[in-house]
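Survey of secondary and tertiary structure
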Amino acid sequence: MTLQGTSLIGQQAVTGDQAIIRAIDPSTGEALAPDYPGLDRDAVARACELAGAAFEAYRETSLEARAAFLEAIAAEIEALGEPLIERAMAETGLPRARLEGERGRTCGQLRLFAAVVRAGEWLDVRIDPALPERQPMPRVDLRQRHVALGPVAVFGASNFPLAFSVAGGDTASSLAAGCPVVVKAHSAHPGTSELVGRAVQKAVAGCGLPEGVFSLLFGAGREVGQALVADPRIQAVGFTGSRAGGLALQQTAQNRPQPIPVYAEMSSINPVFLLPEALEARATELAEGFVGSLNMGAGQFCTNPGLVIGVKGEALDAFVAAAGEAVKGSAAQTMLTPGIHAAYADGVGALAGEAREIARGPVGEGPHQCQTALFATRGADFLRDEALQAEVFGASALVVECADLDEMHRVAHHLEGQLTATLQLDDGDLDAARALLPVLERKAGRVLANGWPTGVEVCHAMVHGGPFPATSDARSTSVGSAAIQRFLRPVCYQNLPAGLLPEALQDDNPLKVSRLVDGKRE
């Protein structure tokens with residue numbers, strides 16, 4: 001498939017007339033063809049108009065038709081073959097194996113949502129039959145199901161050009177819920193976005209769906225994104241990116257005459273607590289595992305372990321020494337974009353001014369390479385200095401040396417909201433872990449033991465979210481089957497004639513979905 005440098009509005013390829021986006025190969029600094037001219041506000045409005053026109057028909061597609069559509073998207077993405085991987089490698093500097101795995105994850109989550117749609121449990125059907133003889137008050141017939149919110153604006157992420165972008169988790173869960181999607185492509189990988197967008201566009205046509213079910217927009221700066229969120233036909237937003245970007249979209253969404261929810265994943269430093277017995281028994285092993293997780297993808301994961309917390313002593317000293325040696329042996333890696341590399345360098349520079357340096361990795365030979373960095377500070381200083389909680393997006397971490405377990409608890413209480421919190425513990429640490437767990441439940445969306453937070457399984461039980469600033473809404477997840485709930489709302493039907501009831505609520509249950517009837521699961 002030849003790249004054309006166009007946005008996709010429904011089934012049309014549209015060439016913009018605004019500022020041009022040019023992909024950059026971060027490993028060389030060279031620009032990649034073609035150019036992607038941005039759209040104006042009128043073009044954004046056309047995409048939203050098509051999405052609004054498609055909504056009524058798409059939200060009532062059969063469970064089978066919608067599931068088949070999600071599977072068709074996965075098949076079309078796979079059919080892109082080698083050109084997709086090659087373009088993504090050129091635009092991101094990521095290795096082939098990582099991108100092939102991400103393509104598999106992207107298609108896997110589309111198929112997961114297809115299975116979720118078919119099962120129908122997301123409808124959350126509840127039926128309370130009429131009780132006309134009940135005293136002192138009769139009960140009317142009440143039935144509830146969940147319905148789609150409406151068209152959703154999805155913003156592609158820089159660090160996952162496939163799994164969190166055009167056909168990533170936000171798009172998959174929105175489409176599964178019955179919501180048309182308008183995607184704002186990330187400027188870091190426009191060619192990858194166009195290829196995937198055309199695969200989705202082809203699936204829409206092949207499944208006979210209204211063209212407004214999907215559009216893909218390009219635009220430099222904030223104008224297209226702000227216009228998209230402000231459009232009255234958009235009813236929810238999915239975003240993965242910086243805190244500043246997420247908050248700007250949230251403000252726009254709240255300033256509308258009709259405010260809408262913004263599900264923004266923004267900032268997390270993912271603390272790791274090294275409990276005393278585990279640290280005493282396996283300091284070197286923990287240090288090696290930590291640096292391996294820290295360096296994964298040049299640290300450009302939202303679950304990257306950027307904070308390590310332990311009690312000062314010989315065991316923590318041994319951990320720090322071993323981690324420092326591992327950092328010194330960590331090869332530099334190309335970062336996703338020149339802008340991300342510049343921000344990383346600024347963040348490391350700021351951290352160097354606040355904490356003591358433990359080690360730096362080798363300087364890279366090419367442009368835009370991440371030099372791994374490890375710093376340390378005292379627990380008391382961490383508690384005094386809010387700047388030490390700032391996320392540095394890349395392979396940089398801070399070790400917090402606490403005076404004792406009480407100070408470790410104070411540090412835990414002091415933390416902002418996080419995507420993850422990790423406990424490294426042995427059997428002798430159970431009491432200390434039990435005391436920390438209630439704090440960590442309040443601080444993080446996922447608490448894990450004796451592992452590392454990088455790597456997010458796409459499954460039913462996963463939570464990828466957390467209290468602010470990890471996300472803008474801690475009640476939801478952006479990964480896993482529960483992500484569909486973000487784009488649904490409940491509707492109750494009272495005393496409707498049988499002929500007006502949606503299929504999911506009819507007495508004979510033609511969809512064969514699980515239902516709660518008079519308080520009992522059927």
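Residues numbered from 1 in each chain as written. Predicted model: local features only at pLDDT ≥ 70, side-chain atom pairs only at ≥ 80, totals over all residues. Heavy atoms only, no water.

Per an unreviewed UniProt entry, the chain carries the name 2,5-dioxovalerate dehydrogenase and comes from Halomonas heilongjiangensis.

1. Considering the overall build of the chain
A count of helices and strands for the chain gives 14 helices and 23 strands. Taken over C-alpha atoms, the radius of gyration comes to 25 Å for the chain, in line with the 24 Å a tight globule of 522 residues would show. By principal-axis analysis of the C-alpha atoms, the chain measures approximately 75 × 65 × 40 Å. Across the 522 residues that make up the chain, the buried fraction comes to 57%. Relative to all contacts within the chain whose residues are 6 or more apart in sequence, the contacts with residues 24 or more apart total 76%. Here the chain has roughly 20,300 Å² of accessible surface; of this, 52% comes from carbon and sulfur atoms. For the chain, the distance from the average site of its 43 positive side-chain charges to the average site of its 61 negative ones is 5 Å. (Helix = DSSP H or I, 4+ residues; strand = E, 2+ residues; numbered from the N terminus. Rg over C-alpha atoms; globule rule 2.2 N^0.38 Å. Buried < 20%, exposed > 50% of the residue type's maximum accessible area, 1.4 Å probe, protein only. Contact = heavy atoms within 4.5 Å. Areas by Shrake-Rupley, 256 points an atom, 1.4 Å probe, with all protein chains shown as cover. Lys, Arg positive; Asp, Glu negative; His and termini not counted. Charge placed at Lys NZ, Arg CZ, Asp CG, Glu CD.)

2. Examining the sheet that holds strand S18 (residues 396–402)
Spatial ordering of the open sheet is given by S15-S17-S18-S13-S12-S19-S20, a layout of 7 strands whose pairing is mixed. The sheet terminates laterally at strand S15 (356–360) and strand S20 (444–449), the two strands that pair on one side only. Across the sheet, the axes of successive neighbouring strands diverge by a mean angle of 20°, strand direction being ignored. Of the pairings in the sheet, the one linking strand S13 (residues 307–311) to S18 comprises 5 bridges and is parallel in character. What sits directly across from Gly310, in S18, is Glu401. Running at roughly 150° to S20, helix H14 (residues 430–443) makes contact with strand S12 (271–274), strand S19 (418–424) and S20 of the sheet. (Pairing = 2+ DSSP bridges. Axes fitted to C-alpha atoms, helices over the stretch in contact; angles between N-to-C directions.)

3. Some remarks on unusual backbone geometry
A cis amide bond links Ala33 to the next residue, Pro34, at an omega of 0°. Along the chain, Pro34 turns up in strand S4 (residues 30–37). Pro469 follows Phe468 through a cis peptide bond whose omega is 5°. Relative to the elements of secondary structure, Pro469 occurs in the loop between S20 and strand S21 (488–494). In this model, His368 sits at a positive phi of 60°, which is unusual for a non-glycine residue.

4. As for the domain arrangement of the chain
Per the domain assignment, the segments making up the chain are domain 1 (7–21 + 30–266 + 474–486) and domain 2 (271–449). The straight-line distance from the C-alpha centre of domain 1 to that of domain 2 is 33 Å. Approximately 870 Å² of surface area, both sides summed, lies buried where domain 1 meets domain 2, with 57% of it carried by carbon and sulfur atoms. Counting across the interface, domain 1 meets domain 2 through 1 salt bridge. Salt-bridge contacts for Glu416 lead to Arg243; the nearest nitrogen and oxygen are separated by 3.1 Å. Summed over the shared surface of domain 1 and domain 2, the result is 2 residue pairs in polar contact (both at pLDDT 80 or more). (Domains from an automatic or database assignment. Buried area = accessible area lost by both parts, 1.4 Å probe. Salt bridge = Lys/Arg side-chain N within 4 Å of Asp/Glu carboxyl O. Polar contact = N/O pair within 3.5 Å; in protein donor to acceptor, adjacent residues only side chain to side chain.)

5. Brief notes about the sheet that holds strand S23 (residues 520–521)
In spatial order, the strands read S21-S6-S5-S22-S23; together these 5 strands make up an open sheet with mixed pairing. A strand with exactly one partner marks an edge of an open sheet, and here the two such strands are S21 and S23. Pairing geometry for strand S6 (residues 142–148) and S21, over 7 bridges, is antiparallel. Within S21, the position partnered with Gln144 by the bridge is Cys492.

6. Comments concerning the nonpolar core
In this structure, Phe69, Ile73 and Ile77 are the most contacted members of the largest nonpolar core, which totals 65 residues. The dominant element in this core, judged by the number of residues it contributes, is helix H2 (residues 63–79), at 8 residues. When residues no more than four places from it in sequence are discounted, the contact partners of Ile77 are Leu84, Arg103, Thr106, Cys107, Leu110, Ala167, Val196 and Ala199. In terms of nonpolar packing, the next biggest core, distinct from the first, is built from 62 residues, Val308, Val320, Leu351 and Ala432 among them. (Core = buried A, V, L, I, M, F, W, Y, C linked by side-chain atoms within 4.5 Å.)

7. Digging into the pairing of strand S11 (residues 262–265)
Both faces of S11 are covered, namely the face carrying Val262 and Ala264 and the face carrying Tyr263 and Glu265. Read from strand S10 (residues 236–240) through helix H8 (residues 243–255) to S11, the crossover connection turns out right-handed. (Right-handed = clockwise from strand over helix to strand, strands pointing away.)

8. Some words on the UniProt feature "domain: Aldehyde dehydrogenase" (unreviewed entry) in the chain
Under the UniProt annotation, "domain: Aldehyde dehydrogenase" (unreviewed entry) lies at residues 17–458. Helix makes up 45% of residues 17–458 and strand 20%, with an end-to-end C-alpha separation of 39 Å. (UniProt positions renumbered as here; feature names shortened; annotations may be inferred.)

9. A look at the environment of Thr334
By the secondary structure assignment, Thr334 is in strand S14 (residues 333–334). Given the relative accessible area of 19%, Thr334 is considered buried. Along the sequence, Thr334 and Glu277 sit 57 residues apart, while their C-alpha atoms lie 37 Å from each other.

10. Side note on the packing of aromatic side chains
According to the stated counting rule, one finds 8 aromatic pairs in the structure shown. An angle of 85° between the planes, with centres 5.8 Å apart, marks the rings of Tyr263 and Phe487 as edge-to-face. Placement of the pair is Tyr263 in strand S11 and Phe487 in the loop between S20 and S21, with a sequence separation of 224 residues. Residue Tyr263 shares its accessibility class with Phe487, and that shared class is buried. Measuring from ring centre to ring centre gives 6.3 Å for Phe290 and Trp452, while their planes differ by 45°; the resulting arrangement is tilted. Pair noted here: Phe290 is in helix H9 (residues 276–295) and Trp452 is in the loop between S20 and S21, with a separation of 162 residues, a long-range link. The class for Phe290 is buried, based on a relative accessible area of 0%. Through a chain of ring-to-ring contacts, three or more aromatic side chains come together here, namely Phe160, Phe164 and Phe301. Above the face of the Tyr58 ring, Arg66 is positioned so that its terminal group lies 5.7 Å from the ring centre. The lysine or arginine in question, Arg486, covers the ring of Tyr263, its NZ or CZ lying 5.9 Å from the ring centre. (Phe/Tyr/Trp six-rings, centres within 6.5 Å; stacked < 30°, edge-to-face > 60°. Lys NZ or Arg CZ within 6 Å of the ring centre and 35° of its normal.)

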